[in-house]
Amino acid sequence: MNVLGGSQNAHVEHLNATQVNNFHAAQLRAEDKKDASHTRDRKRSPPDSACTRGTRVGVAKTVTTWATSDISDPDEPHILWMHGYVGSGKSAISQEVCEQSDRQGRPVVSFFFFRNTGDRSKIWRLATTLASQMATVIPETEPFIRAAVKASPALTRPDEGGVSLVARMQRLIYRPFKASVEAWKGARGLKGGPLLIVLDGLDECDDKEQVQELIDDMLLFFQENPSIPLRVFITSRVEKHLQSHLDVPGVRLDNLVDHCSDDDILTFLDVSFKNERRRNPVIRAYIRQHGEWPTAGDKRMLVEHINGSFIFASLLFQYIMGTDGSGSPTTPMDRLPRTLNMNPGLDGLYTQTLARSEHLPHFLNIISTIALLDKPLPTSGIAELLGISTYEVVNVLVNLQAILQVPGTDDIPVTICHTSLRDFLRTESRSDRYFAQPRHHVHLLLRCLEYELELRRRNPGVLLPHTNRSEALTYALVYSSSHLAGGRGLFEQSEWNYSIQLSRQILQLIPATPGPGWPMSTK
């Protein structure tokens, strides 16, 4: 059952077709380029990962040396797969490699997969995102990309367009790149070295079968074109569907565990504490009275406790420097010893941090919503969707900034610091009383429908414009069907009947055709 209006979907398809007809390759799905590549605003589009200055120098050099090596060397495969456990710093290394390439004038394009951030866990966006960047860094590819889209406009559409990922990659990436190399041997964009494609967090992609097809087709392309000046750097956790296709001839393997050192963790702590001392008058006052803080012994114990996990190091540091909702202890100096008693895994840190706010109104409702949203919302959007006040959302989240990125304004999304937090909240055996019950999808669906109906009643017979929409309304229109799927089989009969009633009332208020002045824009 589609609880959303079919006529609304028809209008969106019409607008998408208009966009495609006005296509220009350098602007191919510009929003993809902004929120999925290494140039994204990391505060709005996670992961917000970067290497602290002086850390991960060796592993970054390993990747860049491979990426710039002689393309004719048969001992250097075109694909490098760097795998590692949760929190080992994969995304930070991908970001560092991309930024180094930019600084040194080497061509690089990228896609950072991330679950529950809109379409960034969907494979269909990959080809258009990479093509938009490739047309910029290697301008000679632009006419070939434009010609491919003109011949087949469905290449730029979502998966409803019926074009396979393999076809998209062949027509938007491989063929245009190969054609530009053959047509212009001295392509300006390649003077800095081979083109590097960075695919970060490939395990975060939901479409496992298509990921396998992507890898197989990539291997075949390089077998047929062994001298093509192109490298592909992939990072992910070790998962069966990836390992079975990447642990093969033609792929260089690198275990990130081999690059995690206590020296890097110590450098991270030294830099972080030094920066915090400059900003925090409480720490400076403590040091004037008591001497060095933290002491060399404190940092040594932290390094041993962290045991090579960069995400654990980062979250522990944020916990030490954060506010404590329990009221005591209240200073970083008080909190540091407590971290040494935490479970060295992330679950202990998550549990202890969440406990700070669990006594507050709407706590579980807000946390469950953040865990189950398909795309992050700002504090105001979460409040609108749940029918509560923004200050109530902020009141819950302000104590959780060690594990959540809570912006200081109402227009920037609240994002999780690491995807392992979402896994924690969605696994009852790990999160216990903080578990985001799947039945919460039912509540979110009903709230999406109620919110849409309320706004349509205020504007009867008018197609809601794409401009000037609130974040919550946009979310309700796009993702309510996802919560329908998430809650399937968990509805009470009365809730199911109510959802149908709301949907029918919404459909009655949707006009059949766009009204006068309807803006022809999908922004």
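Bear in mind the structure is a predicted one, so any value in this text is a computation, not a measurement.

Overview of the overall build of the protein
When its secondary structure is counted, the protein shows 23 helices and seven strands. In the protein, which comprises 523 residues, the share counted as buried stands at 55%. Accessible surface for the protein amounts to roughly 22,600 Å². Of this, 50% is attributable to carbon and sulfur atoms.

Observations regarding the nonpolar core
In this structure, Phe273, Leu354, Leu397 and Leu404 are the most contacted members of the largest nonpolar core, which totals 67 residues. Counting residues per element, this core draws most heavily on helix α13 (residues 310–321), which supplies ten residues. The next biggest cluster of nonpolar side chains, apart from the first, holds 48 residues, and it includes Met134, Leu190, Met218 and Leu246.

Notes on the packing of helix α10 (residues 262–279) against helix α11 (residues 281–290)
For the pair α10 and α11, the least separation of the axes is 6 Å and the interaxial angle reads 95°. In this view, α10 runs roughly perpendicular relative to α11, as classed from their interaxial angle. The segment α10 lies against α11, with Glu276, Arg277, Arg278 and Arg279 engaging Pro281, Ile283, Arg284 and Ile287. Split by residue class, the contact of α10 with α11 holds three nonpolar, no polar and five charged.

Points about the environment of Gly387
Structurally, Gly387 can be placed in the loop between α17 (379–386) and α18 (390–397). Look at Gly387 and you get exposed, because its relative accessible area is 57%. As for Gly387 and Tyr451, which are separated by 64 residues in sequence, their C-alpha atoms are 8.6 Å apart.

Quick look at the packing of aromatic side chains
Overall, the coordinates contain eleven aromatic pairs when judged by the stated rule. Taking 4.4 Å as the distance between ring centres and 15° as the angle between the ring planes, the aromatic pair formed by Tyr174 and Phe221 counts as stacked. With Tyr174 in helix α7 (residues 165–183) and Phe221 in helix α8 (residues 208–224), this pair connects stretches of sequence that are 47 residues apart. Each member of the pair, Tyr174 together with Phe221, is buried. Taking 5.5 Å as the distance between ring centres and 80° as the angle between the ring planes, the aromatic pair formed by Phe273 and Trp293 counts as edge-to-face. With Phe273 in helix α10 and Trp293 in the loop between α11 and α12 (296–306), this residue pair connects regions lying 20 residues apart in the sequence. Assessed through its relative accessible area of 5%, Trp293 is described here as buried. The ring centre of Phe112 lies 4.3 Å from the NZ or CZ of Arg40, which sits over that ring.

A short note on unusual backbone geometry
Cis peptide bonds are those with omega within 30 degrees of zero, and the linkage from Trp293 to Pro294 qualifies with -10°. By the element assignment, Pro294 lies in the loop between α11 and α12.

Focus on the pattern of salt bridges
This structure, assessed with the given rule, holds 17 salt bridges. Linking Asp203 and Arg237 is a salt bridge whose minimum nitrogen-to-oxygen distance equals 3.0 Å. Note that Asp203 is positioned in the loop between β3 (195–200) and α8 and Arg237 in the loop between β4 (230–236) and α9 (240–246), a separation of 34 residues in sequence. Using a relative accessible area of 6% as the deciding quantity, one classes Asp203 as buried. Take Arg237: its relative accessible area is 16%, and that puts it in the buried class.

Let's talk about α18
Glu392, Val393, Val396 and Leu397 are the residues of α18 that are buried. Mapping the buried residues of α18 onto a view down its axis gives an arc of 130°, with all of them on the same face.

Digging into the pairing of strand β2 (residues 108–112)
In terms of burial, β2 is largely enclosed, as five of its five residues are buried. Because side chains alternate across β2, one face comprises the buried residues Val108, Ser110 and Phe112, and the other comprises Val109 and Phe111, equally buried. Two strands pair when backbone bridges link them, and β2 and β3 are joined in this way by five bridges, in the parallel orientation. Counted as the bridge partner of Val108 is Leu196 from β3.

Topic: the confidence of the model for the protein
One rule of thumb: low pLDDT means the predicted coordinates there are not for detailed reading. Mean pLDDT over the protein works out to 84, with 86% of the residues at or above the 70 mark. By mean pLDDT, helix α1 (residues 6–21) is the weakest element of the protein at 35, and β3 is the strongest at 97. The low-confidence segment residues 324–328 (pLDDT under 50) makes seven contacts with residues lying over four places distant or belonging to another chain. Counting interchain partners and residues more than four positions distant, the pLDDT-below-50 stretch residues 513–523 has 21 contacts.

Observations regarding α8
The first and last C-alpha atoms of α8 sit 25 Å apart over 17 residues, in line with the 24 Å expected at 1.5 Å per residue. Along α8, the positions that sit buried rather than exposed are Val211, Gln212, Leu214, Ile215, Asp217, Met218, Leu219, Phe221 and Phe222.

Let's talk about empty space enclosed by the protein
Applying the stated criterion across every chain yields a total of three cavities of 30 Å³ or more. Space inside the largest cavity adds up to approximately 80 Å³. Lining of the largest cavity is provided by 13 residues; of these, Ile370, Pro376, Val414, Thr415 and Arg422 occupy positions nearest its centre. A breakdown of the residues in the lining of the largest cavity according to their chemical character gives eight nonpolar, three polar and two charged. One number sums up the size of the second largest cavity: a volume of about 40 Å³.

Conventions adopted
- Residues numbered from 1 in each chain as written.
- Predicted model: local features only at pLDDT ≥ 70, side-chain atom pairs only at ≥ 80, totals over all residues.
- Heavy atoms only, no water.
- Helix = DSSP H or I, 4+ residues; strand = E, 2+ residues; numbered from the N terminus.
- Buried < 20%, exposed > 50% of the residue type's maximum accessible area, 1.4 Å probe, protein only.
- Areas by Shrake-Rupley, 256 points an atom, 1.4 Å probe, with all protein chains shown as cover.
- Core = buried A, V, L, I, M, F, W, Y, C linked by side-chain atoms within 4.5 Å.
- Axes fitted to C-alpha atoms, helices over the stretch in contact; angles between N-to-C directions.
- Parallel < 35°, antiparallel > 145°, perpendicular 65-115°, else oblique.
- Contact = heavy atoms within 4.5 Å.
- Nonpolar A, V, L, I, M, F, W, Y, C, P; charged D, E, K, R; others polar.
- Phe/Tyr/Trp six-rings, centres within 6.5 Å; stacked < 30°, edge-to-face > 60°.
- Lys NZ or Arg CZ within 6 Å of the ring centre and 35° of its normal.
- Salt bridge = Lys/Arg side-chain N within 4 Å of Asp/Glu carboxyl O.
- Arc of directions from axis to C-beta.
- Pairing = 2+ DSSP bridges.
- pLDDT = per-residue confidence, 0-100.
- Expected span 1.5 Å × (residues − 1).
- 1 Å grid on protein atoms, 1.4 Å probe; cavity = no way out; pocket = protein on both sides within 12 Å on 5 of 7 lines; lining within 4 Å.
- Points joined across faces, edges and corners; volume = space filled by probe spheres on them.

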